[in-house]
Amino acid sequence: MSKLIRTALHRLYLALIAIPFKLMPSLAYMTFSGAGSTQQLCRHIARQGYSRVLIVSDGPLVALGIVQRAIDALEAEGVNCTVYDGILPDPTFAMVEEGLAMCRQHNCDAVLAIGGGSSIDCAKTLVSSFSNGDDPRKMVGYFKVKKTPLPLFALPTTSGTGSEATIAAVVSDPATHEKCFIADPKLLPLAVALDAELLLGMPKPITAATGMDALTHAIETYISLWGSDSSNAYSRAAVSMIFQYLPRAYQDGSDADAREQMALAAYYAGMAINSASVGNVHAIAHQLGRHYSTPHGLANALVMPAVLRFSAAAAQAPLAELGRLIGAAAVGDSDALAADKFIDAVEAMNRRLDIPSQLDSLREADISAIAADAVKEGASYPVPVLMSRAECQDILRQLLPGAATAEALA
């Protein structure tokens with residue numbers, strides 16, 4: 001099939017799938033931010049009349065005492081808490097089912113997710129299964145959550161996934177390691193707290209990877225074919241804030257202002273995803289996570305420069321706008337030059353955050369299969385240009401250990 005025909009079919013598919021998104025009702029939720037926002041969120045949960053809350057989190061956050069802060073705040077308001085701390089990176093349906101069983105056992109009337117995207121995505125799937133009485137696998141896809149989920153609240157402890165602001169969840173099949181997507185406006189938490197105090201101890205590698213995850217969201221939504229005035233405003237704000245504050249948060253983990261701004265930036269980028277979706281960077285990164293368990297934010301950071309260079313001609317104008325926005329390009333630069341300067345700035349950010357340019361676990365023997373799955377996934381997104389298998393393989397080979405970098409070839 002020629003690229004022209006593939007592109008035409010892709011545009012037709014996007015037009016059809018965009019219809020329910022355009023008809024989607026306005027999303028309503030509450031956001032608490034700044035010092036004391038954890039306590040504000042917990043008081044809000046109690047004031048809404050919920051008295052038996054399941055907290056979905058992970059072992060390290062329990063050990064660090066972060067979960068206990070929320071428990072103390074909830075119990076001070078008379079709320080009983082049950083903790084499910086079995087979440088691991090790339091949550092599986094088995095984890096959802098374990099948490100769901102605990103939720104039913106304790107007759108919980110609300111759920112509070114505390115953690116990164118893994119905890120929040122697992123909690124989204126759990127509350128939907130609780131109310132719909134379905135195997136969570138049956139909700140994979142778009143708009144399959146029929147009944148209103150159990151009330152969900154979120155307390156993110158990373159600044160990257162933006163899951164606290166999105167209508168989607170990603171859960172892995174433990175047998176195939178396939179990333180399964182559930183998207184429905186009913187998945188949006190009712191209220192969230194962006195509490196920078198919970199982010200102050202985040203290690204440098206996690207700060208870097210989650211920050212670049214947020215930047216990927218902001219860029220991919222800005223060059224998306226579904227971009228709107230609203231999503232673009234969120235995307236621009238997120239890009240600008242990340243370039244300003246991520247290096248500060250990385251260099252000084254105790255910089256509370258930088259942490260707060262990064263929390264907001266990740267939130268804004270998540271807001272943009274709701275209407276503009278993501279793109280080819282995610283399509284490839286998801287396969288790296290599936291094959292090698294590469295952390296999602298790191299995979300996005302590794303892949304992004306090569307994908308942006310591949311997309312530069314088709315997305316020249318928005319990339320140029322971002323280049324001028326962050327000051328990487330001058331007003332008088334041509335769009336082509338400004339776009340190139342922006343991509344250079346993304347690469348420079350990776351280096352500044354000590355993110356490698358290659359993936360040590362990537363093997364030539366796996367590239368064909370990875371590319372096939374990535375191309376298929378990418379075709380489901382509103383990307384500015386479709387990848388062919390050969391083009392995707394070329395992108396992947398740039399990540400092979402020992403491959404020459406664009407900087408070295410220049």
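Worth saying up front: this structure is predicted, and the values here are computed from it rather than measured. (Residues numbered from 1 in each chain as written. Predicted model: local features only at pLDDT ≥ 70, side-chain atom pairs only at ≥ 80, totals over all residues. Heavy atoms only, no water.)

Participant: Which residues make up the overall build of the protein chain, and what are the values?
Facilitator: Along its length, the protein chain carries 16 helices and 9 strands. For 410 residues, the compact-globule formula gives about 22 Å, and the C-alpha radius of gyration of the protein chain, at 21 Å, lands near that figure. Dimensions of the protein chain along its principal axes, counting C-alpha atoms only, are 60 × 45 × 40 Å. Intrachain contacts of the protein chain at a sequence separation of at least 6 include 77% that bridge at least 24 residues. Of the roughly 16,300 Å² of accessible surface on the protein chain, a fraction of 55% belongs to carbon and sulfur atoms. A distance of 6 Å separates the average location of the 31 positive side-chain charges in the protein chain from that of its 40 negative side-chain charges. (Helix = DSSP H or I, 4+ residues; strand = E, 2+ residues; numbered from the N terminus. Rg over C-alpha atoms; globule rule 2.2 N^0.38 Å. Contact = heavy atoms within 4.5 Å. Areas by Shrake-Rupley, 256 points an atom, 1.4 Å probe, with all protein chains shown as cover. Lys, Arg positive; Asp, Glu negative; His and termini not counted. Charge placed at Lys NZ, Arg CZ, Asp CG, Glu CD.)

Participant: Can you break down the packing of aromatic side chains residue by residue, with the values?
Facilitator: Applying the stated criterion to the full structure yields 4 aromatic pairs. Consider the rings of Tyr142 and Phe143, whose centres lie 6.3 Å apart with planes at 35°: the pair is tilted. Sitting above the plane of the Phe130 ring, Arg104 keeps its charged end 4.8 Å from the centroid. Above the face of the Tyr250 ring, Lys204 is positioned so that its terminal group lies 5.0 Å from the ring centre. (Phe/Tyr/Trp six-rings, centres within 6.5 Å; stacked < 30°, edge-to-face > 60°. Lys NZ or Arg CZ within 6 Å of the ring centre and 35° of its normal.)

Participant: I'd love a proper account of the nonpolar core, names of residues and values included.
Facilitator: The biggest cluster of nonpolar side chains holds 92 residues, and the ones touching the most others in it are Val111, Met212, Ile219, Ile284, Leu288 and Leu319. Sequence-distant contacts of Leu319, that is, excluding residues within four places in its chain, are made with Ile219, Ile223, Leu308, Ala312, Ala338, Ala339, Phe342 and Ile343. In terms of nonpolar packing, the next biggest core, distinct from the first, is built from 24 residues, Ile45, Ala110, Leu112 and Ile114 among them. (Core = buried A, V, L, I, M, F, W, Y, C linked by side-chain atoms within 4.5 Å. Buried < 20%, exposed > 50% of the residue type's maximum accessible area, 1.4 Å probe, protein only.)

Participant: Now, about helix H12 (residues 316–325): what can you tell me, with residues and values included?
Facilitator: Residues separated by three or four positions in an α-helix point in the same direction, a consequence of the helix having 3.6 residues per turn. All of the buried residues in H12 are Pro318, Leu319, Ala320, Leu322 and Gly323. Where the residues of H12 are buried, they touch helix H7 (204–222), helix H8 (229–251), helix H11 (296–311) and helix H13 (335–352). Gly327 sits one or two residues past H12 and shows a positive phi near 85°.

Participant: Lay out the environment of Arg11 in plain terms, naming residues and giving numbers.
Facilitator: Turning to its location among the elements, Arg11 is positioned in helix H1 (residues 3–23). Accessibility expressed as a relative area gives 40% for Arg11, which makes it partly exposed. Residues Arg11 and Ala379, 368 residues apart in the sequence, show an inter-C-alpha distance of 9.7 Å.

Participant: Can you lay out H11 for me, pointing to particular residues and giving the numbers?
Facilitator: In this model H11 runs 21 Å from its N-terminal to its C-terminal C-alpha over 16 residues, within 8% of the 22 Å that 1.5 Å per residue would give. At Met304, H11 shows its strongest bend, of approximately 40°, with the proline Pro305 following within four residues. With 12 of its 16 residues buried, H11 lies for the most part within the structure. Those residues of H11 that fall on the buried side of the exposure criterion are Gly297, Ala299, Asn300, Ala301, Leu302, Val303, Met304, Pro305, Ala306, Val307, Leu308 and Ser311. Buried residues in H11 make contact with H7, helix H10 (280–292), H12, H13 and helix H15 (389–397). (Expected span 1.5 Å × (residues − 1). Bend = angle between axes of the 7 residues up to and from the residue.)

Participant: Describe in detail the pairing of strand S2 (residues 52–56), supporting the description with residues and values.
Facilitator: S2 sits mainly inside the fold: 4 of its 5 residues count as buried. The pairing of S2 with strand S4 (residues 110–115) spans 4 bridges and is parallel. Bridged to Val53 within S4 is Ala110. (Pairing = 2+ DSSP bridges.)

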